[in-house]
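Structural description and commentary
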Amino acid sequence: MASKYIFVTGGVVSSLGKGLTSASIGAILESRNLKVTIQKLDPYINIDPGTMSPLQHGEVFVTDDGAETDLDLGHYERFLTTEMTKQNNFTSGQVYNSVIEKERNGEYLGKTVQVIPHITDEIKNRIIAGTKGYDIAIIEVGGTVGDIESLPFLEAIRQLKIQLGKQNSITIHLTLVPFIKTADELKTKPTQNSVRQLMQIGIFADILVCRSEVEIPENVKEKIALFCNVNSDLVITAQDVKTIYELPLSFYEQKLDVKILQLLNLTAPLANLYVWRDIVEKIKNPKHEVTIGIVGKYVHLKESYKSLNEALTHAGIKNETKVNLTYIDSEELETKENLNEILTFDGILIPGGFGKRGIEGKIKAVKFARENNIPFLGICLGMQIATIEFSRNVAGLNNVNSTEFNKEAENPVICLMDEQKDIVKVGATMRLGAYTAILTENTLAYKIYQSSTISERHRHRFEFNNDYRELLISKGLTISGTSKDGKLVEIIELNNHPFFIACQFHPEFKSKPFKPHPLFSSYIKAVLENSLKK
């Protein structure tokens, strides 16, 4: 059977939750034994988000095959069993770059290369190529209808819907229905205008998903339907929920899956959402509560650590524990002498990052966690920081640093990988994607994973300097995980501590609410046990 397509667009304002809407729809359809994938089309000119600041665009999500992608792919993977690849996310930059390369190679000889048909054809070809073999492909278009940047994507979708034919594709448009508190009234005009803009492009919405902070009553749905050319039963409420994992249940209760299958002329077994109900129940009714202090560089935008935040939530589900997250700007710790009044948490976590800003604050936080027996987890840069702190304060080495922060450091315990030294370009040139690691038996890491071989996703340039491996081991550092060839250090840990472990990879990218990552689950378990002893 050829794939059926669901195109998801957004209007009125950005950040309404197109990614979560797409992922939630995918989750319901997958529960009906349909094979589902999701693509994200990003209108920006960057080839990928890999060189963007997390403070500008949120986290960069990494797939097994090494793609640096939009954070929405993290939502897709957390809600579905399908693993995303490079084909699940492409940008205007990739599209234009490909077309220009073809023009330079003579593939368009004699022709004037234009947005239509050459750019739109490239977009359509990428959509089809990335969705083969699936029952349903959900295509999320980034940006907001009316943006100049997204026009080529929308035009390509208009053309593709004609080529696919009726009952092979539908459009779901996500809009905002604001509630004006002073008037105690919901306003539908923004939705009407947004749908009108979409119609002017030549795309007619089949289903409207209306974001609102309150329930949308039937009379308001009927008004929206009248002005937006849809039946009132195809106006779906996306009301604010306590947890994002409640969204599939909300859509299911409104029979969104049934309506989608009817429009696509598909039949499938009834949905089984037991897993999602169990997840929501455990989130809403935890038996315990802990607080984790995340000492980072990009703490002023929560989306910077989206996958990390969700992985900790998943670990809380596993341990029936509410996990509160407090973000600490590592720069602010650099001038503080007494951390006892600041780092009053049940656990401390150092996430990934780049650059020297705030590094000394992170080192102070690791030292505090180590000396005060506070459960500690370091991720990527967090492992490098833990190595520096141990080298300075336990091994007694002078002028210790990473060459990323100080190229003249006397003891560079973290250094640039050999294969990275001659690289000039910064885009997509790091150690990216899934790599195999070998774990040492009788270590905390082995106990956590219950396996001697694991596969985890990476995104970094700098590594543990092997010139210091034996020295640091002799001082009490345990290296519990290495690359398959033994050359690269993947995990370090400390004995005689409630929980102290740090990894060079990003385990948060592989955590799902129905399959929490063992590293986070074990961390929250240790945090909980340690807090109960207080």
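Okay, the packing of helix 1 (residues 18-30) against helix 3 (residues 72-79) next. For the pair helix 1 and helix 3, interaxial distance at closest approach is 9 Å and the crossing angle is 20 degrees. Put simply, helix 1 runs roughly parallel to helix 3. As helix 1 runs across helix 3, the sense of the crossing is right-handed. Every residue of helix 3 that contacts helix 1 at Gly19, Leu20, Ser22, Ala23, Ser24, Ala27 and Glu30 is listed here: Asp72, His75, Tyr76 and Phe79. Taken together, the residues of the contact of helix 1 with helix 3 break down into five nonpolar, four polar and two charged.

Let us now look at helix 6 (residues 151-164). With 14 residues, helix 6 extends 20 Å between its outermost C-alpha atoms, agreeing within 8% with the 20 Å of an ideal straight helix rising 1.5 Å per residue. Those residues of helix 6 that sit buried are Pro152, Phe153, Leu154, Glu155, Ala156, Ile157, Gln159, Leu160 and Lys161. Positive backbone phi, at 90 degrees, marks glycine 165, one or two positions downstream of helix 6.

A few words on the nonpolar core. Ile6, Ile25, Ile136, Ile172, Ile207, Phe251 and Ile260 are the most contacted members of the largest nonpolar core, which totals 46 residues. Examining the composition of this core, we find that six residues originate from one element, helix 1, more than from any other.

Here we come to unusual backbone geometry. The residue after isoleucine 116, namely proline 117, is reached through a cis peptide bond having omega 15 degrees. On the secondary structure map, proline 117 appears in helix 5 (residues 115-129). The residue asparagine 442 is not glycine, and still its phi comes out positive at about 65 degrees. Inspection of the secondary structure puts asparagine 442 in the loop between strand 18 (431-439) and helix 16 (444-449). Exposure remark for asparagine 442: the relative accessible area of 79% places this residue in the exposed category. For glutamine 450, which is not glycine, the phi torsion reads 55 degrees and is therefore positive. Within the secondary structure layout, glutamine 450 lies in the loop between helix 16 and strand 19 (453-460).

Moving on: the confidence of the model for the protein chain. For the protein chain, the mean per-residue pLDDT works out to 93, and 98% of the residues sit at or above 70. For the protein chain, per-element mean pLDDT is lowest for helix 2 (residues 54-57), which scores 76, and highest for strand 23 (residues 500-503), which scores 98.

Their axes nearest at 8 Å, the elements helix 12 (residues 306-318) and helix 18 (residues 518-532) cross at an angle of 60 degrees. For the pair helix 12 and helix 18, the sense of crossing is right-handed. Where helix 12 approaches helix 18, its residues Leu308, Ala311, Leu312, Ala315 and Lys318 are matched on the opposing element by Phe520, Ser521, Tyr523 and Ile524. Residues that form the contact of helix 12 with helix 18 fall into these classes: seven nonpolar, one polar and one charged.

Here the focus is helix 5. Taking 1.5 Å of rise per residue, the 15 residues of helix 5 would be expected to cover 21 Å, and the 20 Å separating its terminal C-alpha atoms lies within 8% of that figure. Contacts made by the buried residues of helix 5 are with strand 1 (4-10), strand 2 (36-42), strand 5 (89-91), helix 4 (92-104), strand 6 (136-141) and helix 6.

What follows covers the sheet that holds strand 2. Across a sheet, strands are paired by hydrogen bonds formed along the backbone, either parallel or antiparallel in direction. Read from one edge of the open sheet, seven strands run 5-2-6-1-7-10-11, paired in parallel fashion. Edge positions in the open sheet fall to strand 5 and strand 11 (235-239), since each of these has one partner strand only. On average, adjacent strands in this sheet sit at an angle of 20 degrees to one another, irrespective of strand direction. Where strand 1 meets strand 6, five bridges bridge the pair, whose relative direction is parallel. Opposite isoleucine 6, over in strand 6, you have isoleucine 138 as the bridge partner.

This brings us to the packing of aromatic side chains. With the rule as written, the count across this model stands at 10 aromatic pairs. Each ring, one from phenylalanine 79 and one from tyrosine 245, has its centre 5.4 Å from the other, and the planes form 35 degrees; the classification is tilted. Highlighted residues: phenylalanine 79 in helix 3 and tyrosine 245 in the loop between strand 11 and helix 9 (247-253), separated in sequence by 166 residues. This pair shows no difference in class: phenylalanine 79 is buried, exactly as tyrosine 245 is. Seen in terms of ring centroids, tryptophan 276 and phenylalanine 514 are 5.9 Å apart; in terms of plane orientation they differ by 80 degrees. Their pairing is edge-to-face.

Parameters at a glance
Residues numbered from 1 in each chain as written. Predicted model: local features only at pLDDT ≥ 70, side-chain atom pairs only at ≥ 80, totals over all residues. Heavy atoms only, no water. Axes fitted to C-alpha atoms, helices over the stretch in contact; angles between N-to-C directions. Helix = DSSP H or I, 4+ residues; strand = E, 2+ residues; numbered from the N terminus. Parallel < 35°, antiparallel > 145°, perpendicular 65-115°, else oblique. Left-handed = near helix turned anticlockwise from the far one by under 90°. Contact = heavy atoms within 4.5 Å. Nonpolar A, V, L, I, M, F, W, Y, C, P; charged D, E, K, R; others polar. Expected span 1.5 Å × (residues − 1). Buried < 20%, exposed > 50% of the residue type's maximum accessible area, 1.4 Å probe, protein only. Core = buried A, V, L, I, M, F, W, Y, C linked by side-chain atoms within 4.5 Å. pLDDT = per-residue confidence, 0-100. Pairing = 2+ DSSP bridges. Phe/Tyr/Trp six-rings, centres within 6.5 Å; stacked < 30°, edge-to-face > 60°.

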